[in-house]
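Summary of structural features
Next come the chains, spelled out residue by residue.
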Amino acid sequence: MADAALQMTSDTGAQDDGALYREAPGNIEAEQALLGAILINNDAFYRVSDFLKAEHFLEPLHRRIFAVAGEQIRLGKTSNPVTIKTFLPADEKIGEMTVAQYLARLAAEAVTIINAEDYGRAIYDLAIRRALIGIGEDMVNIAYDAPVEMAPSDQIEDAERRLFELAETGRYDGGFEPFNEAVRTAIDMANAAFQREGHLSGIATGLHSLDTRMGGLQSSDLIILAGRPGMGKTSLATNIAFNIAHAFRGEQQADGSVKAVDGGVVGFYSLEMSSEQLATRIISEQTEISSSKIRRGDINEADFEKLVGCANMMQRLPLYIDQTGGISIAQLAARARRLKRQRGLDVMIIDYVQLMTGSSAKASQNRVQEITEITTGLKALAKELNVPIIALSQLSRQVESRDDKRPQLSDLRESGSIEQDADVVLFVYREEYYVKNQEPRRSPEEIAADIRTEEYLAWEEKMRKVEGTADVIIAKQRHGPTGTAALGFQGEFTRFFDLADSGHLPERFE
């Protein structure tokens with residue numbers, strides 16, 4: 001038994017030694033075959049250039065050959081062993097061969113370009129596996145030797161972020177990007193704006209006066225939508241969410257994924273209201289039946305048919321609601337990544353920032369530091385997922401102490417980082433809300449006799465001008481000018497809408 005146990009121990013040790021020195025997965029022959037095919041027929045490059053990058057090759061020399069060949073072909077030049085060798089180190093040797101001899105051998109042994117895409121896919125898949133091994137090794141090493149200040153939840157969040165980035169882009173380490181790729185992305189964005197309905201570079205909100213000033217919601221932007229209670233922040237957010245989801249039109253891509261051509265998939269994080277309350281608001285907006293009547297059941301048969309029709313239509317919308325209260329930035333990021341992988345994600349809306357929490361590992365920090373951590377995390381998440389994030393925010397009470405109630409950037413509550421991290425800051429302001437509260441008092445006798453004093457008539461005139469209107473103030477915008485978008489507002493149905501241009505109104509007939 002002792003000998004058997006000793007033998008088992010010896011075998012296990014041998015297996016462990018073998019496991020420690022396993023080679024990273026790679027296929028040098030596939031890399032050679034693909035490079036040879038490209039060198040004899042440059043058309044082979046375009047069969048793999050959409051998904052294969054130089055860093056996906058295992059052999060460093062193969063990376064340089066693919067990168068140089070790609071640059072030459074994109075410039076319209078011929079890439080072959082003769083033209084490419086001057087851009088590679090002449091003194092480097094591969095076994096007994098020089099680089100020039102190795103290039104000639106790659107071309108000589110290439111048979112056909114028919115299998116170029118298959119070779120490219122094999123190289124790409126093996127590169128992803130190597131990246132997975134790297135992430136896995138980092139996870140194990142960090143778990144064994146984690147710093148004191150690093151909570152397990154932080155490690156999970158970091159691993160999930162890297163895995164998501166790897167799944168989306170084939171890379172997990174970030175790093176520098178060539179400027180020509182950034183230029184190409186900018187041109188693609190302009191082309192998409194030209195082709196998209198409304199000629200917007202971003203996603204249309206469905207509110208024309210807002211879209212014309214912002215160009216739509218831009219990818220990777222953090223958009224702060226702020227206002228005092230009662231201004232209609234959540235109403236505007238639900239209006240935008242519905243408009244985007246209702247306009248969604250997808251296009252099947254070569255890899256099987258669906259890309260939004262118009263509208264988009266919306267993820268709505270409602271930390272304040274339940275999903276039922278949110279759904280009731282949206283139904284009220286679309287059916288023009290007040291939410292209070294819906295809650296009380298004060299509806300007739302025609303109203304009920306409208307509700308059923310609206311509910312059937314909304315079931316097909318790509319609008320997803322998460323009603324978890326007090327969610328942390330790490331939890332929100334994890335759920336957003338999961339939604340993007342499983343259903344797609346084009347716009348995120350968070351109602352609202354002050355109800356979120358920071359990381360539990362930093363429980364000792366004050367509220368300003370916590371809000372700073374949240375807004376910094378939201379901006380990083382917007383860039384990572386490449387989607388616009390609309391985050392609602394409260395304003396401080398100092399607005400109420402001023403004669404002019406219009407909000408300013410300094411009114412953003414609890415942290416200057418909200419203003420700093422945001423790409424766009426929008427304020428919802430309804431003068432009607434304040435004017436309504438200024439109604440002059442009238443005695444019962446004056447009301448009964450319908451007597452209106454000059455003060456009361458002046459108030460009525462002022463109320464008539466602002467009733468049913470709202471301003472969305474663009475206080476900050478990195479991509480364009482600031483200004484104000486005038487909208488209409490129906491408080492009974494919590495709905496914002498575009499106002500008719502005064503220059504296009506029909507003539508009045510007495």
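Residues numbered from 1 in each chain as written. Predicted model: local features only at pLDDT ≥ 70, side-chain atom pairs only at ≥ 80, totals over all residues. Heavy atoms only, no water.

Some thoughts on empty space enclosed by the protein
- Applying the stated criterion to the full structure yields two cavities of 30 Å³ or more.
- Put simply, the largest cavity is a space of about 60 Å³.
- Lining the largest cavity we find Thr205, Leu210, Met214, Leu217, Ile223, Leu225, Leu236, Ile240, Ile390 and Leu426.
- Of all the secondary structure elements, the ones that give two or more residues to the lining of the largest cavity are α10 (208–214), β3 (222–227) and α11 (233–246).
- Grouping the amino acids of the lining of the largest cavity by side-chain chemistry returns nine nonpolar, one polar and no charged.
- Space inside the second largest cavity adds up to approximately 30 Å³. (1 Å grid on protein atoms, 1.4 Å probe; cavity = no way out; pocket = protein on both sides within 12 Å on 5 of 7 lines; lining within 4 Å. Points joined across faces, edges and corners; volume = space filled by probe spheres on them. Helix = DSSP H or I, 4+ residues; strand = E, 2+ residues; numbered from the N terminus. Nonpolar A, V, L, I, M, F, W, Y, C, P; charged D, E, K, R; others polar.)

As for the pairing of strand β9 (residues 389–394)
- With respect to burial, β9 is a largely interior element, six of its six residues being buried.
- Taking every second residue as pointing to the same face, both faces of β9 are buried, with Ile389, Ala391 and Ser393 on one and Ile390, Leu392 and Gln394 on the other.
- Of the pairings in the sheet, the one linking strand β8 (residues 347–351) to β9 comprises three bridges and is parallel in character. Note on β9: the bridge partner recorded for methionine 348 is isoleucine 389. (Buried < 20%, exposed > 50% of the residue type's maximum accessible area, 1.4 Å probe, protein only. Pairing = 2+ DSSP bridges.)

Topic: the sheet that holds strand β6 (residues 266–270)
- Strand order in this open sheet of nine strands is β7-β6-β8-β9-β3-β10-β11-β12-β13, and the pairing throughout is mixed. Of all strands in the sheet, those bounded by a partner on one side alone are β7 (319–322) and β13 (495–498). Direction aside, neighbouring strands of the sheet carry axes that sit 25° apart on average.
- Each of β6, β7 and β8 touches helix α15 (residues 329–342); the most contacted strand, β6, lies at about 155° to it. (Axes fitted to C-alpha atoms, helices over the stretch in contact; angles between N-to-C directions. Contact = heavy atoms within 4.5 Å.)

A closer look at the nonpolar core
- Grouped together as the largest cluster of nonpolar side chains are 78 residues, with contacts concentrated most on Leu217, Ile224, Leu332, Met348, Ile349, Ile350 and Leu378.
- In this structure, isoleucine 224 is in contact with Ala391, Ser393, Leu412, Ile418, Ala422, Val424, Val425 and Leu426, ignoring residues within four places of it in sequence.
- Residues Phe51, Ile65, Val68 and Ile128 belong to the second largest nonpolar core, which totals 35 residues. (Core = buried A, V, L, I, M, F, W, Y, C linked by side-chain atoms within 4.5 Å.)

Thoughts on unusual backbone geometry
- Here the bond from aspartate 351 into tyrosine 352 is cis, since omega is 5°, no more than 30 degrees from zero.
- Relative to the elements of secondary structure, tyrosine 352 occurs in the loop between β8 and α16 (367–385).
- Phi is positive for glutamate 288, close to 60°, though the residue is something other than glycine.
- Of note, the phi angle at threonine 494 is positive, near 45°, even though the residue is not glycine.
- Within the element layout of this structure, threonine 494 appears in the loop between β12 (483–490) and β13.

A look at the pairing of strand β11 (residues 469–477)
- Of the strand pairs in this sheet, strand β10 (residues 424–429) and β11 are connected by six bridges, and their pairing is antiparallel. Bridge pairing in β11 places valine 424 opposite glutamine 477.
- Here β11 runs beside β12; their pairing, made up of six bridges, is antiparallel. Residue pairing for β12: threonine 469 is matched across the bridge by glycine 488.
- The antiparallel hairpin formed by β11 and β12 contains five residues in its connecting segment.

Here we look at the pattern of salt bridges
- Counted by the stated rule, this structure contains eleven salt bridges.
- The shortest N-O distance in the salt bridge between arginine 430 and glutamate 432 comes to 3.7 Å. Across the pair, glutamate 432 and arginine 430 agree in class, each one buried.
- Among the ionic contacts, a cluster of salt bridges with common partners joins Lys379, Asp423 and Arg478. (Salt bridge = Lys/Arg side-chain N within 4 Å of Asp/Glu carboxyl O.)

Thoughts on the packing of α15 against α16
- Running from N to C, α15 and α16 cross one another at 15°; their axes reach a closest spacing of 10 Å. Viewed along their axes, α15 and α16 adopt a mutual orientation that is roughly parallel. The crossing of α15 and α16 is right-handed. Contacts from Ile329, Leu332, Ala333, Ala336, Arg337 and Lys340 of α15 reach α16 at Glu373, Ile374, Gly377, Leu378, Leu381, Glu384 and Leu385.
- Taken together, the residues of the contact of α15 with α16 break down into eight nonpolar, one polar and four charged. (Parallel < 35°, antiparallel > 145°, perpendicular 65-115°, else oblique. Left-handed = near helix turned anticlockwise from the far one by under 90°.)

Details of the confidence of the model for the protein chain
- For the protein chain, mean pLDDT is 80; residues scoring 70 or higher make up 85% of the total.
- β10 holds the highest mean pLDDT among the elements of the protein chain, 91, whereas helix α1 (residues 2–20) holds the lowest, 43.
- A low-confidence stretch, residues 1–19 stays under pLDDT 50, and its non-local contacts, those more than four residues away or across chains, total zero contacts. (pLDDT = per-residue confidence, 0-100.)

So, the side chain of glutamate 432
- Checked against the element boundaries, glutamate 432 lands in helix α18 (residues 431–436).
- Apart from the residues lying within four places of it in its own chain, the contact partners of glutamate 432 are Met463, Val466, Glu467, Gly468 and Thr469.

Observations concerning the packing of helix α2 (residues 28–40) against helix α6 (residues 99–109)
- Across the interface, α2 lies against α6 with an axial gap of 7 Å and an inter-helix angle of 85°. When the axis of α2 is compared with that of α6, the two are roughly perpendicular. Between α2, through Gln32, Leu35, Gly36, Leu39 and Ile40, and α6, the contact on the second element is made entirely by Tyr102, Leu103, Leu106 and Ala107.
- Of the residues belonging to the contact of α2 with α6, the class tally is seven nonpolar, two polar and no charged.

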